[in-house]
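Each chain, letter by letter, is given below.
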Amino acid sequence: MCTEAGRITAASIADHVEPHRGDEAKFFDPQNTQSLCKSCHDSDKQRAERAQ
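Rules used throughout
Residues numbered from 1 in each chain as written. Predicted model: local features only at pLDDT ≥ 70, side-chain atom pairs only at ≥ 80, totals over all residues. Heavy atoms only, no water. Helix = DSSP H or I, 4+ residues; strand = E, 2+ residues; numbered from the N terminus. Buried < 20%, exposed > 50% of the residue type's maximum accessible area, 1.4 Å probe, protein only. Contact = heavy atoms within 4.5 Å. Salt bridge = Lys/Arg side-chain N within 4 Å of Asp/Glu carboxyl O.

Even after reading the chapter, I still don't get the overall build of the protein, so can you show me in this structure?
Each helix and strand in the protein was counted, giving two helices and two strands. In the protein, the succession of α and β elements from N to C terminus is β-α-β-α. Across its three principal axes, the protein shows a C-alpha extent of roughly 35 × 25 × 15 Å. Here the protein holds 52 residues, and the buried ones make up 21% of them.

Okay, here's the thing in structure tokens:
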């Protein structure tokens, strides 16, 4: 998300691309993760998930 906004920021969160919502297969799927900075994870990503 930072790269898309033209920023370079160290990632500190392993985020689930598709929310797992308790599904263990999605939770442990390494293809379902992305690295995000805390700021993007706590704001932009959460806002996008609530909109779904």
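Would you explain the side chain of asparagine 32 in this entry?
Assignment of secondary structure puts asparagine 32 in the loop between helix H1 (24-28) and strand S2 (33-36). Sequence-distant contacts of asparagine 32, defined by excluding residues within four places in its chain, comprise Asp15, His16, Val17, Glu18 and Lys26.

Can you help me understand the pattern of salt bridges in this one?
A side chain of one charge can pair with a side chain of the opposite charge if their charged atoms are brought near each other. Per the counting criterion, the structure on display carries two salt bridges. Two residues, lysine 26 and glutamate 18, come together in a salt bridge whose shortest N-O distance is 2.6 Å. The class for lysine 26 is partly exposed, based on a relative accessible area of 28%. Taking relative accessible area as the criterion, glutamate 18 reaches 41% and is therefore assigned partly exposed. Two residues, lysine 38 and aspartate 42, come together in a salt bridge whose shortest N-O distance is 2.5 Å. Of this pair, lysine 38 and aspartate 42 are both found in helix H2 (residues 38-51), four residues apart, which corresponds to roughly one turn of the helix. Relative accessible area serves as the criterion here: at 49%, lysine 38 is assigned to the partly exposed category. We classify aspartate 42 as partly exposed; its relative accessible area is 40%.

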